Amino acid sequence: MEDYLKNNFELEAKRPSEEAQNRWRSAVWLVKNPRRRFRMVADLAKRAEIEKKRRRMQEKIRVALYVQKAALYFIDAVERTEKHKVPDEVKQAGFYISPDELALIVGTHDVKQLEYHAGAEGIAKKLSVSLKNGLSSTEIPTRQNIFGMNKFVEKPPRPFWMFVWDAMQDLTLIMLMVCAVISIGVGIATEGWPKGMYDGIGIILSILLVVLVTAISDYKQSLQFRDLDKEKKNISVHVTRNGSRKKVSIYELVVGDIVNLSIGDQVPADGLYISGYSLSIDESSLSGESEPANVAKERPFLLSGTKVQDGSGKMLVTSVGMRTEWGRLMVTLSEREEDETPLQVKLNGVATIIGKIGLVFAVLTFLVLTARFLVVKGINGQIRNWAINDALKLLNFFAIAVTILVVAVPEGLPLAVTLSLAFAMKKLMKDRALVRHLSACETMGSATCICTDKTGTLTTNHMVVTKIWICGEQKKVENYKPENVSEKVKKTLMHALFLNTGAEVVKGKDGKTEVLGSPTETALLEFGLLFERDFDAERDELKIIKIEPFNSVKKKMSVLVALQGGGVRAFVKGASEIILGMCDKMVGKNGESASISEEQRKNITNAINDFANQALRTLCLAYKDVEKTSSESIPDNNYTLVAVVGIKDPVRPGVKEAVQTCLDAGIVVRMVTGDNINTAKAIARECGILTGDGIAIEGSEIRDRSPEEMAEIIPKLQVMARSLPLDKHKLVTMLRKDFNEVVAVTGDGTNDAPALHEADIGLAMGIAGTEVAKESADVVIMDDNFATILNVAKWGRAVYINIQKFVQFQLTVNIVALMTNFISACISGSAPLTAVQLLWVNMIMDTLGALAIATEPPHDGLMKRPPVGRNVNIITKIMWRNIIGQSIYQLIVLGVLTFDGKQLLKLDGPNSEATLRTMIFNTFVFCQVFNEINSRDMERINIFRGIFSSWIFVMVMVSTVTFQTVMVQFLGKFADTVPLSRELWLISILIGSVSMIVGTVLKFIPVSAKSSGVFEHHDGYEPLPTGPDLA
């Protein structure tokens, strides 16, 4: 069985090949309801058609951008302006340009028309907006009314009746419906009204109940996925409103908003460039053009959906929603469908195998029942005498065979994965983790290694400058007074802090000063404000010529400014070793520039190492006076060192415990950071990542060492400092390919995208992460907290083990239902379980069973066992032990009741046969109820632990027992049952409860399993053989 699954139903979790996707699709056989079964499976033909359509659309947009705009130069501007009259409602709202004209100017890159309106400044006037202070919040509703909302037209959600319709497409249910209708017709003709219709009506009511419960479950799932999809698209945007910067949702953006853009951001709407530095835009998502476009005053057009590749800038929003190029592209094309997950594919394979077996048993049952019926007629000499009752019996045999097929084909297996993943994704969303791809939640249960950033993930990301080295002296900031340095040194330090920054100082709603920017930038500006309160005055003194934003490869940020007295000065800040290497001079006590001697360089290096050993993040600030040239390039050497700052970023509370939990769970945690190696080692020791036998190296060592050397280092590697994004990518690739690890990696910058893409699970930071990083990731950690990553791993394991529990439960029901009806048909010529009863059993084990078992929340014990292996068997030896043991018990009990039940239970009288059949049915259902409780844990003896923490499980149990009671006691005419006495109810429940005793005994039976060693269980019991394949 496992070989068949591996050959036909093996799929990569990330970027599966089209060949593998087609292979499993062609191997699937005997699907009762394709519409429902494959609802969460990608349509490959449709996907290929959409991709062709997308390419055609991109080609059209490229033509519009590069050909049409050139042609517009040859058209007279005056002629075109006459075509755009401003509607009266726009004028009355206080605007003097129409929404259509705005969309056309930016969409066609119409420079002439833009010049006619006096550029971005002229457009801003006609939109009644200040380019400095932005909009007033009170204007938002008016602008939304005139220019539209920043939302795209989406497909309307599927209504509930569509899910009902999908559930009714089940071929076996349709066949049963036909049988029921015929049964009603024949029954009324032979037995009269209303007695003749009870059997048929019972089947129809059961089918409607199954359809309704199935549809409700599927509909609720679709609502969960829709909410998650909406959250994925909800991007935060920095805008200037009421004179200050603030974060708003992309959906709240309006025409006239001033948007602040930086590296990795997505352009949230169509607009015009106002100001900025070296702004480079990647337009490939829109036009397919791989070459980035440089945006400046001469080419000021920015299109929605494109990405900021480099630089920074401000833009004026001119079109939103469906008036943008991106909006038009999105309405033309469907969103890409989610790829199926490996578990879904595997369970489709399991369902196919069981379905084939079930079909054989269903056909055999029908043939045996029919053959016995014909033999009895032949013995009685009635083979040529046929009545309507005989036809009704054959129809009933056929209905039983079809119902066996309904039970035998476990359609709910693949769908249980979707249910479990949807539930896990919803819970993780509440726990601040946004799962972008279904398979990631599943794969995280197999993670053997987490490569995590330091800043913001292991630390709080609330940074404060606590130490400074300046003018040859090292001081604590709390004791450092502005008067301690000369005015010239102070001025140079203020320029280095206030001019070379990507952050801003703004006034908050309460009038207090706020710093907006990255935590590092914020810490530096807050330190600068201790000396000089007027940030804007310092910046306005000098004109900024050029900015090179911080880059994770260069690990520095530079700025070129024009001095008041003439001349040009460059400021640089960044990684302490790199900046120190660029300096040959330092600032003296009186502000003079003096050469750095070898002794002084050694002292500065010692100061940097001293800061780093105290777990402080170190940065150097430096400047250089340069000759003014036409190239305006920022130099890379001969700088004057101004200061070294030590920034404290405390370790997050609970991180050390979370790291220890990962180690207990067999997950290796490796820190990959751009920080100084001593800082990284100090933080890693504090977090419990760096141990006595662990190795800490710098990224450059990975680049320089041979594969053989790396093969020796990587197993012990715990910290990689001063790493470049390419180093992280190389480490992830080696761990996956050379060491067969399942790797989760965190990232926040644009340059982290390749590593996030390469990893088995890419984890982007929600607060510090760029939109480019988030799009490349599988999961977005909304609070940037390492403990949340641990939670994702825990839920990943819960999904896998819940599916295993559900498979165990469903296979037990399958085997018992099939064998009971088949053996009874062979021996007695009748099936003990009727079509209505089997439909109810099918609902218990399918939809309700999945709800109860597949949505169990994780418990701490999951993190006390090794990770789930990459390609392990879905049905383990422990599961087979439990399935076979429970099946044997239930078959014996039901067999004894079927063939000797009357004597044992002392049943006599006219209703004895009906009572016995009801007793068999009731006992069978209670065996499943208690086995469902038994399935809560496949190895632990205490199956009740945490049962009340899963309210869905408790609710399903109560609902099942309640409806079973109603069915037996009050719906006898439809369900073919009779009311049972208290004694018989008690016997049914007791026989069912023995399943739990049987389950306990089974857990003491040793099962051989490949194991890397004894793994002590969390519950204190003697550990059963275990290993990755049993996790």
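In every chain, residue numbers begin from 1 and rise along the written sequence. It should be noted that, the model being predicted, local features are given only for residues of pLDDT at least 70 and side-chain atom pairs only at 80 or more, the latter also being counted only at that level, while totals for whole chains, interfaces and linings use all residues. Calculation of side-chain values draws on the structure's entire complement of heavy atoms; hydrogens and water are dropped beforehand.

Enquirer: When you look at the overall build of the chain in this model, what are you seeing that I'm missing?
Expert: A helix here means a DSSP run of H or I that spans at least four residues, while a strand means a run of E at least two residues long, and both kinds are numbered starting from the N terminus. Across its full length, the chain carries 38 helices and 26 strands. Seen through its C-alpha atoms, the chain measures out along the principal axes to roughly 125 × 75 × 50 Å. Two residues form a contact once any of their heavy atoms are found within 4.5 Å. In the chain, the share of contacts with a sequence separation of at least 24, taken over all contacts with a separation of at least 6, comes to 73%. Every accessible area reported is derived by Shrake-Rupley at a probe size of 1.4 Å, with residue values counting cover from the shown protein chains alone. Of the accessible surface of the chain, which amounts to about 43,000 Å², a share of 57% is contributed by carbon and sulfur atoms.

Enquirer: Even after reading the chapter, I still don't get the pattern of salt bridges, so can you show me in this structure?
Expert: Two side chains of opposite charge can pair, provided their charged atoms sit close to one another. Whenever a carboxyl oxygen of Asp or Glu lies within 4 Å of a side-chain nitrogen of Lys or Arg, that contact is scored as a salt bridge. Taken as a whole, this structure holds 33 salt bridges when the rule is applied. In this structure, arginine 245 and glutamate 504 form a salt bridge, with 2.8 Å as the shortest nitrogen-oxygen distance. Linking arginine 245 in strand β2 (residues 244–249) with glutamate 504 in strand β12 (residues 504–507), this pair joins segments that are 259 residues apart in sequence. Relative accessibility under 20% of the residue-type maximum defines a buried residue, over 50% an exposed one, and the middle range a partly exposed one, all with a 1.4 Å probe and only protein chains included. Relative accessible area serves as the criterion here: at 16%, arginine 245 is assigned to the buried category. With its nearest N and O atoms 3.4 Å apart, the salt bridge here joins lysine 556 to aspartate 636. Taken together, the residues span a long stretch of sequence, with lysine 556 in strand β15 (residues 556–562) and aspartate 636 in the loop between β19 (616–626) and β20 (639–648) at a distance of 80 residues. Taken together, the shared-partner salt bridges in this structure form one network comprising Asp453, Lys728 and Asp752.

Enquirer: So what exactly am I meant to see when it comes to the packing of aromatic side chains here?
Expert: Two aromatic rings, taken as a pair, are described by how far apart their centres are and by the angle between their planes. Any two of the Phe, Tyr and Trp rings considered here, Trp counted by its six-membered ring, make a pair once their centres fall within 6.5 Å; the pair's planes then place it as stacked at under 30 degrees, edge-to-face at over 60, or tilted in between. Scanning the entire structure with this criterion turns up 12 aromatic pairs. Ring centres 6.0 Å apart and planes at 65° place the aromatic pair phenylalanine 423 and tryptophan 795 in the edge-to-face group. With phenylalanine 423 in helix α18 (residues 412–430) and tryptophan 795 in helix α32 (residues 786–828), this pair connects stretches of sequence that are 372 residues apart. Grouping residues by exposure puts phenylalanine 423 and tryptophan 795 together as buried.

Enquirer: I would appreciate a short explanation of the sheet that holds strand β24 (residues 743–747) in the present structure.
Expert: By definition, the strands of a sheet pair up through backbone hydrogen bonds, in either a parallel or an antiparallel sense. Strand order in the open sheet formed by 8 strands is β8-β26-β25-β24-β9-β21-β23-β22, with mixed pairing between adjacent strands. In this open sheet, the two edge strands, each paired with only one partner strand, are β8 (433–435) and β22 (695–698). Here the average twist between neighbouring strands, direction ignored, is 20°. Axes here mean lines fitted to C-alpha atoms, for a helix over just the part in contact, with angles spanning 0 to 180 degrees between N-to-C directions. In the packing of α32 onto the sheet, contacts are made with β8, β9 (449–452), β21 (668–672), β24, β25 (761–765) and β26 (779–781), and the angle to β26 comes to roughly 145°. In this description, strands pair whenever DSSP reports at least two bridges between them.

Enquirer: What is the right way to look at a nonpolar patch on the surface in this model?
Expert: Exposure above 30% relative accessible area and no salt bridge define the residues that can form patches, which grow by joining like charges within 9 Å and nonpolar side chains of Val, Leu, Ile, Met, Phe, Trp and Tyr within 5 Å. Taken together, the side chains of Trp880, Ile884, Ile888, Ile892, Val896 and Leu904 present a nonpolar region at the surface, about 550 Å² in accessible area. Its location among the elements puts leucine 904 in helix α34 (residues 877–905).

Enquirer: Sorry if this is basic, but what is going on with the packing of α34 against helix α38 (residues 982–1002) here?
Expert: Any two packed helices are characterised by how steeply their axes cross, that is the angle between the axes, and by the distance between the axes. Where α34 contacts α38, the axes come no closer than 10 Å and their chain directions differ by 155°. Taken together, α34 and α38 sit at an angle that is classed as roughly antiparallel. Crossing handedness for the pair α34 and α38: right-handed. Between α34, through Arg881, Asn882, Gly885, Gln886, Tyr889, Gln890, Val893 and Leu905, and α38, the contact on the second element is made entirely by Leu984, Ile987, Ile991, Val994, Ser995, Val998, Gly999 and Leu1002. Lys, Arg, Asp and Glu make up the charged group, whereas Ala, Val, Leu, Ile, Met, Phe, Trp, Tyr, Cys and Pro make up the nonpolar group; the residues left over, Gly among them, are polar. When grouped by side-chain class, the residues that make up the contact of α34 with α38 number 9 nonpolar, 6 polar and 1 charged. Should an angle lie under 35 degrees it is considered roughly parallel, over 145 roughly antiparallel, and from 65 to 115 roughly perpendicular; all remaining angles are considered oblique. In a left-handed crossing the near helix is turned counterclockwise from the far helix by less than a right angle, and in a right-handed crossing that turn is clockwise.

Enquirer: What's the story with a positive patch on the surface in this structure? I'm lost.
Expert: A surface patch of positive charge is lined by Lys52, Lys53, Arg55, Arg56 and Lys60. Mapped onto the elements, arginine 55 comes out in helix α4 (residues 44–72). When charges are counted, Lys and Arg contribute as positive and Asp and Glu as negative, whereas His and the chain ends are disregarded. Positions of charges follow a simple convention, taking NZ of Lys, CZ of Arg, CG of Asp or CD of Glu.

Enquirer: Which parts of the structure should I look at to understand the side chain of aspartate 937?
Expert: Mapped onto the fold, aspartate 937 is located in the loop between α35 (912–934) and α36 (951–970). Since its relative accessible area comes to 7%, aspartate 937 is described here as buried. For aspartate 937, the side chain forms a polar contact with the main-chain nitrogen of glutamate 939, separated by 2.9 Å. Contact partners of aspartate 937, with chain neighbours within four places excluded, come to Lys805, His859, Ile943 and Lys1003. Throughout this description, a polar contact denotes any pair of N or O atoms lying within 3.5 Å of each other; where both atoms belong to protein, one of them has to be capable of donating a hydrogen while the other can accept it, and for residues adjacent in sequence the pair is counted only when both atoms sit in side chains.

Enquirer: When you look at the nonpolar core in this model, what are you seeing that I'm missing?
Expert: Most often, soluble globular proteins keep nonpolar side chains buried together rather than apart. Only buried residues count toward a nonpolar core. Its members are Ala, Val, Leu, Ile, Met, Phe, Trp, Tyr and Cys residues joined through side-chain atoms within 4.5 Å. Membership of the largest hydrophobic core comes to 173 residues, with the highest contact counts inside it found for Met444, Ile761 and Phe786. With 20 residues, the top contributor of residues to this core is α32. In contact with phenylalanine 786, other than residues within four places in its own chain, are Ile450, Thr452, Thr457, Leu458, Val655, Ala658, Val659, Cys662 and Val669. Within the second largest apolar cluster, 48 residues are counted, among which are Val90, Ala124, Tyr251 and Leu279.

Enquirer: Quick question: what am I supposed to make of the confidence of the model for the chain here?
Expert: A score from 0 to 100, pLDDT tells how confident the predictor is in each residue. Confidence in the prediction of the chain, expressed as mean pLDDT, is 83, and 91% of residues score 70 or more. Contacts of residues 75–82 to residues separated by more than four positions or lying in other chains number 8 contacts, the stretch itself having pLDDT below 50.

Enquirer: Just checking my understanding: could you explain the pairing of strand β3 (residues 258–261) for this structure?
Expert: The side chains of a regular strand alternate, residue by residue, between the two faces of the sheet. Residues Ile258 and Asn260 of β3 are buried on one face, and the alternating residues Val259 and Leu261, pointing to the opposite face, are buried as well. Relative to strand β7 (residues 307–319), β3 runs antiparallel, the two sharing 4 bridges. Each residue of the ladder has a partner; that of leucine 261, found in β7, is glycine 313.

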